[in-house]
Amino acid sequence: MASHSHIGKPLPMTDAPGKVTGLGKYADDLTVTGMLYGKILHSVHPHARIRAIDTSKAEALPGVKAVATGKDAPNPYGILPIGHDERVFALDKARYIGDNVAAVAATSAEIAEAALDLIDVDYEPLPAWFDPLESMQATSNWIHEQKPGNVEKEYHHEFGNPEQAFAESAFIREERYYAGEVTHAAMEPHSTLAIWEPDGRLTVHSSTQVPYYLHRTIAEVCEMPMSQIRIIKPLVGGGFGGKSEVIPLEVAAPVLAKKARRPVKITYTREEVFYAHRGRPITIADLKVGLTREGKINAVAARVVQDGGAYCGYGPVTVLYSGALLGALYDIPNVRYDGYRVLTNKPACGAMRGHGTVNVRFAFESTLDQLAHDAGMDPVEIRRRNLLKAPCITVNGLRVTSYGLPECIEKAAERSGWAEKKGKLPYGRGVGIACSHYVSGAANPIIRSNMPHTTVNIKVDRDAAVTLFTGASEIGQGSDTIQAQIVAEVLGVKMERIKLVAADTDLTPVDLGSYSSRVTFMAGNACLEAAKNIRAQVFAAVAKKSGCDPAVLEARDDFIFSTRDPGLRMNFDEAAVAAIDFHGALVATGTYAPPEEARGGKHKGAGVGPSPSYSYSAQVVELSVDTETGQVRVHRIVAAHDCGKALNPLTVEGQIEGSVYMGLGQALQEEMIWNEGRLMNPSLLEYRTPTTLETPEIESIIVESNDPEGPFGAKEAGEGSLAATIPAVANAIYDAVGVRINSLPITPEKILAALREKEKQRGGKVARSNGGRR
């Protein structure tokens, strides 16, 4: 590795070169001459048949240039090939309050709003379903007629012999857990600008994590060839999964632009963002775990019901992740999983940071602590006794290549003072530990094909500028920086020499998007391959010119030199010209697709869960509980995360802290509150994300296991830490006051109720001492 290496240095994300395409702005800031303002009419009913829509008054309003309804775009779409059940505007019926019914494009936002009031919709209200457990018992008035019982998908998996293993277990716990619905709460609202070009092409600027899938969807809905559509991803002000599938306004704006033959921009209000959110679903998890007398996990049985909302979205993937990633963290030989994705008359849920794993991990890590208590074992020790022996393949077919969890556990325990604090702090103060993991991208793409998961191109010009063309989507996670670092490192040049052209379908090759923490691993490997190809071409030209063997050449500090001849030294500018003269051009392509052995088993649903690599995290939370008010104050969180190799330590630390922050919000305060299908807290004021006042000291510890297949050993860093925070908080509350809360968020009201119940069972007030906590 070069002496002045770009890898492993704490470079801030602002050191990345700026994009050379687009307008360098967020979608909400974009404007263009002749632009119309689009507004969407939403259903006021949770479930209603649409008998007729009269748009004549709206169309007659001066300033209105286009009105669109379902008949203008009847083709269904969805992020999954098995779930094309959405239309940009409802055709037959509305399925939730906020469902899209029609849209208007006008010369001002005010005129567009006024036009919405002039659209007359004749609704026939239908019985609605809001509770997933009730919805899956429905015998009529199904949300989608082709989905009997309102069950979108169900999966049943069994590995090993769970029943026999439970019979042989010394300790068994069965618990029910509930996790409320939460949303991404990104600062930037969704926004799309669709420009109808004079030659009949569409150029779409959209705040998206998945330009490629948006490209395909617009082509299908607008009935246009993909070659006539250009997608440009501008700066994105936060995604967290909320922009990782096609959101209705991203299709509505192109539909209106095509009809009006004018540019149309739609930006959601904050209330619309909440209704379109695609966040983490309400989850009801019934968990049974068996433990041997020696403290080994013997068997796990999980029944998970998810409230998916009115449309499929990522639903089958979400419920499959919940089951698949019971594996690959600990050594579990026997597993049974029953997962149900249920439709309700609420907005569709989807992917959110830690997709599919977070709520079930809360259940599992909480249950594991209870089993440790039953067995008289320290929670850290029980986790030590159930570690995998990597490299290995789990009972459900997940391949683990690198495994830094043991070091994460030891470092988190040591730095938090676990041994000195667990069970030894004054009543009302406690510590809790939990672990988690996540994929480094999905080994199997959403749309099955033989194409690479990501492709990059590199071109070096005669001025020795290096241009990287990548389809990967920077959404604030620092992926542009990482890709530029990798290319600069391999070529031995300064970062300033790298230019980046990203996420523009006219200019950049296909990348499947920023989701499942895939970009560093997959786009990074593609950059590595392309940069090595460029370097080989440069070395060949230099060797030809200098009469030496290319094998003795190295590149660093903007020079090519020989390891054997101190006098052979050529700057990169000269070397680049020599290579172009020798080869005719200096270009290279790099691709990445996971190896076949990483793609999992053959059972139904086996495509979800496999990854080329997994990250690992262990966290210790220290907090106090006010027994008079139930208020929880988190003092410190120590989070150790195995990211393989920290290519940019500052970025990795930021991702760990961001994950912990989001986990803390879900643990203690965040929840979408519904009443008969209407969201009661659709604003950032009422939906309570943690502020700096609620955010404790977070100590991030980077653990490097150096994955054998990751670029320079790197793997996931952006999501894996989140899931551990929530159960670590729950376990710390138990250590502090001796009550176990199995539902999220863990509010003061729930804690007080549990304390009162505990007092009632003991026949008096709990003593304020260490002995009163158990």
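Residues numbered from 1 in each chain as written. Predicted model: local features only at pLDDT ≥ 70, side-chain atom pairs only at ≥ 80, totals over all residues. Heavy atoms only, no water.

(A) Structural detail: the overall build of the protein chain. Helix and strand counts for the protein chain come out as 18 helices and 31 strands. Here the C-alpha atoms of the protein chain give a radius of gyration of 27 Å, agreeing with the 28 Å that 2.2 N^0.38 yields for 774 residues. When its C-alpha atoms are laid out on the principal axes, the protein chain stretches across 90 × 80 × 50 Å. Out of the 774 residues in the protein chain, the part that is buried amounts to 64%. (Helix = DSSP H or I, 4+ residues; strand = E, 2+ residues; numbered from the N terminus. Rg over C-alpha atoms; globule rule 2.2 N^0.38 Å. Buried < 20%, exposed > 50% of the residue type's maximum accessible area, 1.4 Å probe, protein only.)

(B) How the structure looks around the packing of helix H14 (residues 519–546) against helix H15 (residues 572–583). It is at 8 Å that the axes of H14 and H15 come closest, and there the two elements cross at 90°. Judged on the interaxial angle alone, H15 and H14 are roughly perpendicular. Along the contact surface, H14 presents Gln537, Val538, Ala540, Ala541, Val542, Lys544 and Lys545, while H15 presents Glu574, Ala575, Ala578, Ala579, Phe582 and His583. For the contact of H14 with H15, the residue count by class is 8 nonpolar, 2 polar and 3 charged. (Axes fitted to C-alpha atoms, helices over the stretch in contact; angles between N-to-C directions. Parallel < 35°, antiparallel > 145°, perpendicular 65-115°, else oblique. Contact = heavy atoms within 4.5 Å. Nonpolar A, V, L, I, M, F, W, Y, C, P; charged D, E, K, R; others polar.)

(C) Focus on helix H5 (residues 211–222). Taking 1.5 Å of rise per residue, the 12 residues of H5 would be expected to cover 16 Å, and the 16 Å separating its terminal C-alpha atoms lies within 8% of that figure. Along H5, 10 of the 12 residues are buried, which leaves the element largely enclosed by surrounding structure. Those residues of H5 that sit buried are Pro211, Tyr212, Tyr213, Leu214, His215, Thr217, Ile218, Ala219, Val221 and Cys222. Buried residues belonging to H5 abut strand S10 (202–206), strand S11 (229–232) and helix H6 (248–260). In the stretch just after H5, Glu223 is the one whose phi turns positive, near 55°. (Expected span 1.5 Å × (residues − 1).)

(D) Structural view of the side chain of Thr283. Along the chain, the position of Thr283 falls in strand S13 (residues 283–291). For Thr283, a relative accessible area of 3% gives the class buried. A polar contact is formed between the side chain of Thr283 and the backbone oxygen of Pro281, at a distance of 3.1 Å. (Polar contact = N/O pair within 3.5 Å; in protein donor to acceptor, adjacent residues only side chain to side chain.)

(E) Structural view of the sheet that holds strand S24 (residues 569–571). Spatially, the 3 strands line up as an open sheet ordered S22-S23-S24, and their pairing is antiparallel. Edge positions in the sheet fall to strand S22 (553–556) and S24, since each of these pairs with one other strand and no more. Between one strand axis and the next, the sheet turns by 20° as a mean value, whatever way the strands run. Summarising the sheet, strand S23 (residues 559–562) and S24 pair through 3 bridges and their orientation is antiparallel. Pairing of Phe561 across the sheet is with Arg569, part of S24. Lying over the sheet, H15 contacts S23 and S24, oriented at roughly 85° with respect to S24. (Pairing = 2+ DSSP bridges.)

(F) Up close: the state of the cysteines. Scanning the entire structure with this criterion turns up 0 disulfides. Of all cysteine sulfurs, the one in Cys312 lies closest to Cys349, which takes part in no disulfide; the gap is 12 Å. A relative accessible area of 1% places Cys349 in the buried class. (Disulfide = S-S within 2.5 Å.)

(G) Spotlight on unusual backbone geometry. The omega torsion of the bond from Ala390 to Pro391 falls at 0°, within 30 degrees of zero and hence cis. In this structure, Pro391 sits in the loop between helix H10 (379–384) and strand S16 (392–393). The step from Leu744 to Pro745 runs through a cis peptide bond, and the omega angle for that step is -5°. Secondary-structure assignment places Pro745 in the loop between strand S31 (743–744) and helix H18 (748–762). Unusually for a residue other than glycine, Asn141 sits at a positive phi of about 50°. The phi angle at Asn706 is positive, at roughly 50°, despite the residue not being glycine. Along the chain, Asn706 turns up in the loop between strand S30 (697–703) and helix H17 (722–737).

(H) Focus on the pattern of salt bridges. What the rule picks out here adds up to 44 salt bridges. Of the charged contacts, one joins Glu113 and Lys39 as a salt bridge, the two residues approaching to 3.7 Å between their closest N and O atoms. Within this pair, whereas Glu113 is found in helix H2 (residues 109–117), its partner Lys39 is found in strand S1 (residues 36–42), the two being separated by 74 residues in sequence. (Salt bridge = Lys/Arg side-chain N within 4 Å of Asp/Glu carboxyl O.)

(I) A look at the pairing of strand S8 (residues 171–179). Bridge count for S8 against S13 is 9 bridges, and the pairing is antiparallel. Paired with Tyr178 across the strands is Ile284, a residue of S13. Sheet topology note: the S8/S31 ladder contains 2 bridges and is parallel. Bridge pairing links Ala179 to Leu744 in S31.

(J) Quick peek at the packing of helix H13 (residues 479–491) against H14. Between H13 and H14, whose axes approach to 9 Å, the crossing angle comes to 30°. On the basis of the axis angle, H13 is roughly parallel to H14. Judged by the twist between their axes, the crossing of H13 over H14 is right-handed. Only Val519, Thr520, Ala523, Gly524, Cys527, Leu528, Ala531, Lys532, Ile534 and Arg535 of H14 make contact with H13, whose side of the interface consists of Ser479, Ile482, Gln483, Ile486, Val487, Val490 and Leu491. (Left-handed = near helix turned anticlockwise from the far one by under 90°.)

(K) Highlighting the domain arrangement of the protein chain. With domains assigned, the protein chain is organised as domain 1 (16–22 + 451–592), domain 2 (31–126 + 187–238 + 243–276) and domain 3 (282–443 + 600–762). Counting from both sides, the interface comprises 19 residues of domain 2 and, opposite them, 25 residues of domain 3. Of the roughly 1,900 Å² buried at the junction of domain 2 and domain 3 (both faces included), carbon and sulfur atoms supply 64%. Taken as a group, Leu80, Phe274 and Tyr275 account for 32% of the area that domain 2 buries against domain 3, more than any other trio of residues on that side. In this assembly, domain 2 and domain 3 are joined by 0 salt bridges. Taken together, the links from domain 2 to domain 3 amount to 6 residue pairs in polar contact (both at pLDDT 80 or more). Considering only residue class, the side of domain 2 that touches domain 3 consists of 9 nonpolar, 3 polar and 7 charged. (Domains from an automatic or database assignment. Buried area = accessible area lost by both parts, 1.4 Å probe.)

(L) Focus on the pairing of strand S12 (residues 264–267). Across the two faces of S12 the burial is the same, with Val264 and Ile266 and Lys265 and Thr267 all buried. With 4 bridges joining them, strand S9 (residues 191–196) and S12 adopt antiparallel strand pairing. Looking at the pairing, Ser191 lines up with Thr267 of S12.

(M) Here's a closer look at the nonpolar core. Of all hydrophobic cores here, the largest spans 122 residues; its most connected members are Ile297, Tyr330, Phe364, Leu405, Leu623 and Ile733. Looking at which element gives the most residues to this core, the answer is H17, with 11 residues. Shared between two domains, this core takes at least three residues from each, and those domains are domain 2 (31–126 + 187–238 + 243–276) and domain 3 (282–443 + 600–762). Residues contacting Ile733, with those up to four places away along its chain left out, are Leu623, Val625, Val632, Gly738, Val739, Ile746 and Ile751. Core analysis: the next-biggest nonpolar cluster, separate from the first, contains 48 residues, Val493, Leu528, Leu568 and Ala578 among them. (Core = buried A, V, L, I, M, F, W, Y, C linked by side-chain atoms within 4.5 Å.)

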